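Residue strings, one per chain:
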Number of protein chains: 2
Amino acid sequence: MNKAEILIIDDEPQIRKLLQINLESNGYKVWQAENGLEGITMAANHPPELILLDIGLPDKSGHEVLKELRMWYGKAIIILSVLDNEDDVVQALDNGATDYLTKPFRTAELLARIRASIRRNETTELRSKDEFDDLSIDYAARVILKNNEPVKLTATEFNLLALFTRNEGRVLTHRYLLKEIWGVGYQMETQYLRVFVSALRKKIEDNANRPKHLITESGVGYRFV
Amino acid sequence: MNKAEILIIDDEPQIRKLLQINLESNGYKVWQAENGLEGITMAANHPPELILLDIGLPDKSGHEVLKELRMWYGKAIIILSVLDNEDDVVQALDNGATDYLTKPFRTAELLARIRASIRRNETTELRSKDEFDDLSIDYAARVILKNNEPVKLTATEFNLLALFTRNEGRVLTHRYLLKEIWGVGYQMETQYLRVFVSALRKKIEDNANRPKHLITESGVGYRFV
DNA sequence: GCGCATTTTTCCAGGATTTTAAAACGCGGT
DNA sequence: ACCGCGTTTTAAAATCCTGGAAAAATGCGC
């Protein structure tokens, strides 16, 4: 088998070095980033088979990085952390981490967990970019182009649109959209959706009164076409 | 969503009880087996969404059970063990275990790892669709195609049609249809059905006067063919 | 603390869907 | 051919849902 590529995102050079030696001697190709932003960029330019992510990064919390990666990166992300806090573990796993290991970790176990994660990769495939007619969306860079012109969206607007484009053609119910963007507990706040869908239509539709992308399914939800 | 089913294979009754209480209070349906053989049989007769497997079983070593299960069982298997032996972890993961937790485990973490594992199960599942002659229905996307052209249905119309297609060939009584779509208390409102069946026929039949899909069973109900 | 961008609330008009009511139809029996 | 009965169709009224505008609250960077 040819070398699987692994990206390490960790601010401690010693840890990176240690991981690099272990991984390379087991036939992996290793890339390194020393903070979250760099890691996201590298992953976007050259998506690896697996990401090892330290949760205690200097620029962004590892949880933030994890969430951003998970918007478009479908393969394995293993969290490494000095924290053995149960809340962190739960939060990371619920944000889409594949596994969570506490430092110091046992090398053979880490390698086995890496093998297990890569083995299960094949099924999931997410794109980091999408094109729809006059729209293009880059999930990693969080950039939208309409007729090749950049469109400025707020954070919530982008998240909502990304959720739609990831589910092209499907009806997404009000409950589902609210749960995904605002979290459980907001599932009754349908007025939020109206406001934000309306804002999105103004920005991405040729004619917001006659939307061709964001279609309302009365009584159910919305659909992106 | 309906309850995911989890099978516990563990010889210690206290552990099974503890797991059962935790899992059931989190909305899972729990099955139990007290040894490897029984576990394999139960999993074969009624494949669960996830298996919790103790590695220290009396009849076979848990590693054996794991290998046998993996010959045909594709979904998540989480290993629970009192052993914190690195070799056991590595062996289990390399034999196809989804995860490995050491007893005593933290409950919230176990639940999070279960959620993560079940989530991965789902992504590999196919989208539920049905095809009937000139009609195709995608339940998740809420899309109907007639001769490959999308047909616009209102929420109630779609729900009603989906109920019919899920029960192809069967006569559904007026009472049953009304209960499923409008709820108990509407079982006398046969008018509603007549109005909506008529609307559906206009949209999905070639000739609404001579329906080939939505057949009237006079005095009883309707049948989808 | 101030100013700006964004998110959360509120309100109401207009639109779409569901409900209600009534008329038209089809079919078997006489 | 006519009647009766259940079904289908139509169209109105009632209800519910959505979109727009804009004020209030919040968060964020300086």
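Use the structure listed above.
A brief look at the structure comes next. Keep in mind the model is a prediction, meaning the values are calculated, not measured.

### Side note on the overall build of chain A
Helices and strands together make up the secondary structure of chain A, namely eight helices and twelve strands. When burial is assessed residue by residue, chain A has 49% of its 225 residues classed as buried. Here chain A displays about 10,800 Å² of accessible surface, and carbon together with sulfur accounts for 50% of that area. Distance between charge centres in chain A, computed from 30 positive and 34 negative side chains, equals 4 Å.

### A word on the packing of helix α6 (residues 155-166) of chain A against helix α8 (residues 190-204) of chain A
All names here are of chain A. Two numbers describe how α6 lies on α8: the axes approach to 10 Å, and their chain directions differ by 85°. On the basis of the axis angle, α6 is roughly perpendicular to α8. Residues T156, E157, L160 and L161 of α6 form the contact with α8, whose own contacting residues are L193, F196, V197, A199, L200, K203 and I204.

### Thoughts on the sheet that holds strand β2 (residues 29-33) of chain B
Residue and element names in this part refer to chain B. One open sheet holds the five strands; their spatial order is β2-β1-β3-β4-β5, and the pairing between them is parallel. Each edge of the sheet is formed by a strand with only one pairing partner; in this case those strands are β2 and β5 (99-102). Between one strand axis and the next, the sheet turns through 20° on average, direction left out of account. Pairing between strand β4 (residues 76-81) and β5: four bridges, direction parallel. The residue of β5 that forms the bridge with S81 is T102. Relative to the sheet, helix α2 (residues 36-45) contacts β1 (5-9), β2 and β3 (50-54), its axis offset from that of β2 by approximately 140°.

### Details of the interface of chain B and chain A
Each partner contributes to the interface: chain B provides 31 residues, whereas chain A provides 30 residues. For the pairing of chain B and chain A, the buried interface totals around 2,500 Å² over both sides, and the portion due to carbon and sulfur atoms is 45%. Summed over the three residues of chain B that lose the most area to chain A, namely E86, R106 and R120 of chain B, the buried surface amounts to 23% of that side. Between chain B and chain A we count six salt bridges in total. Where D84 of chain B meets R106 of chain A, a salt bridge forms, and the shortest distance between an N and an O atom there is 3.1 Å. Across the contact surface, chain B and chain A share 17 residue pairs in polar contact (both at pLDDT 80 or more). For the side of chain B that touches chain A, the secondary structure elements donating two or more residues are α4 (86-94), β5 and α5 (107-124) of chain B. Counting residues per element, the side of chain B that touches chain A draws most heavily on α5 of chain B, at eleven residues.

### What about the protein's contact with DNA strand D?
Inspection of the region around DNA strand D gives 20 residues, with T216 of chain A together with R194, T216, G219 and Y222 of chain B positioned closest. Across the atoms of DNA strand D situated within 4 Å of the protein, the share located in sugar and phosphate is 73%. In this structure, Y222 of chain A approaches DNA strand D through a side-chain N or O atom, which is 2.7 Å from a phosphate oxygen. Counting residues per element, the ones that place at least two in the surface near DNA strand D are α8 of chain A together with α8 (190-204) of chain B. It is α8 of chain B that provides the largest number of residues to the surface near DNA strand D, a total of five residues.

### Some points on the protein's contact with DNA strand C
For DNA strand C, the set of nearby residues contains 19 residues, the closest of which are T154, T156 and Y192 of chain A together with T156 and Y192 of chain B. The contact atoms of DNA strand C, taken as those within 4 Å of the protein, divide so that sugar and phosphate hold 85%. Interatomic distance of 2.3 Å between a side-chain N/O atom of Y192 of chain A and a phosphate oxygen of DNA strand C. Within the contact set of DNA strand C, a phosphate oxygen lies 2.9 Å away from a side-chain nitrogen or oxygen of T154 of chain B. Contributions of two or more residues to the surface near DNA strand C are made by α8 of chain A together with α8 of chain B. Of the residues belonging to the surface near DNA strand C, the class tally is eight nonpolar, seven polar and four charged.

### Observations concerning the sheet that holds strand β6 (residues 129-132) of chain B
All names here are of chain B. Spatial ordering of the open sheet is given by β6-β7-β8-β9, a layout of four strands whose pairing is antiparallel. The sheet is open, and its two edges are formed by β6 and β9 (149-151), each paired on a single side. Neighbour-to-neighbour, the strand axes of the sheet open up by a mean angle of 25°, direction not taken into account. Sheet topology note: the strand β7 (residues 135-138)/strand β8 (residues 143-146) ladder contains four bridges and is antiparallel. Counted as the bridge partner of S136 is L145 from β8. Docked against the sheet, helix α6 (residues 155-166) engages β6, β7 and β8, running at close to 105° with respect to β7.

### Examining the pattern of salt bridges
Enumeration over the complete set of coordinates arrives at 39 salt bridges over all chains. Between D99 of chain A and R113 of chain A there is a salt bridge, with the nearest N and O atoms lying 2.8 Å from each other. Placement of the pair is D99 of chain A in strand β5 (residues 99-102) and R113 of chain A in helix α5 (residues 107-119), with a sequence separation of 14 residues. Across the pair E217 of chain A and R223 of chain A runs a salt bridge whose closest N-O atoms are separated by 2.9 Å. Comparing E217 of chain A with R223 of chain A shows no difference in burial state: the two are buried. Linked through salt bridges whose partners overlap, the residues forming this network are D84, D99, R106, E109 and R113 of chain A together with D84, D99, R106, E109 and R113 of chain B.

### Some points on the environment of F158 of chain A
One can find F158 of chain A in helix α6. Along the sequence, F158 of chain A and R142 of chain A sit 16 residues apart, while their C-alpha atoms lie 7.3 Å from each other.

Here is what the cut-offs are and how they apply
- Every chain's residues receive numbers from 1 upward, in the order its sequence appears when written.
- Here every chain gets a letter starting at A, and every ligand a number starting at 1, in the order they are written.
- Thresholds applied to this predicted model are a pLDDT of at least 70 for local features of residues and 80 or more for the giving and counting of side-chain atom pairs; totals over whole chains, interfaces and linings are not thresholded and use all residues.
- Derived side-chain values reflect all non-hydrogen atoms in the structure, with water molecules and hydrogen atoms excluded from consideration.
- For helices the rule is a DSSP run of H or I covering at least 4 residues; for strands it is a run of E covering at least 2, with both sets numbered from the N terminus onward.
- Accessibility here uses a 1.4 Å probe with only protein chains present; expressed as a share of the type maximum, an area under 20% marks a residue as buried, one over 50% as exposed, and anything in between as partly exposed.
- Accessible surface area values rest on a Shrake-Rupley calculation with a 1.4 Å probe, where residue burial reflects the displayed protein chains alone.
- The sign given to each residue is positive for Lys and Arg and negative for Asp and Glu; His and the chain ends receive no count.
- Each charge is placed at NZ for Lys, CZ for Arg, CG for Asp and CD for Glu.
- Whenever a helix is involved, its axis is fitted only over the stretch in contact; in every case the axis is a line through C-alpha atoms, and angles between N-to-C directions fall within 0 to 180 degrees.
- Note that the term roughly parallel is reserved for angles under 35 degrees, roughly antiparallel for angles over 145, roughly perpendicular for angles of 65 to 115, and oblique for everything else.
- The contact criterion used throughout is that any non-hydrogen atoms of two residues lie within 4.5 Å.
- Whether two strands pair comes down to DSSP finding at least two bridges between them.
- Buried surface area refers to the total accessible area, computed with a probe of radius 1.4 Å, that the two partners give up upon joining, counted for both partners together.
- Salt-bridge detection follows one rule: a side-chain nitrogen of Lys or Arg within 4 Å of a carboxyl oxygen of Asp or Glu.
- Any pair of nitrogen or oxygen atoms within 3.5 Å is treated as a polar contact; in protein, a donor-acceptor pairing is required on top of that, and neighbouring residues in sequence qualify only through side-chain atoms on both sides.
- The rule for a residue being near a molecule or strand is that one of its heavy atoms must lie within 4 Å of it.
- Charged residues are taken to be Asp, Glu, Lys and Arg, nonpolar residues to be Ala, Val, Leu, Ile, Met, Phe, Trp, Tyr, Cys and Pro, and polar residues to be all remaining types, Gly included.

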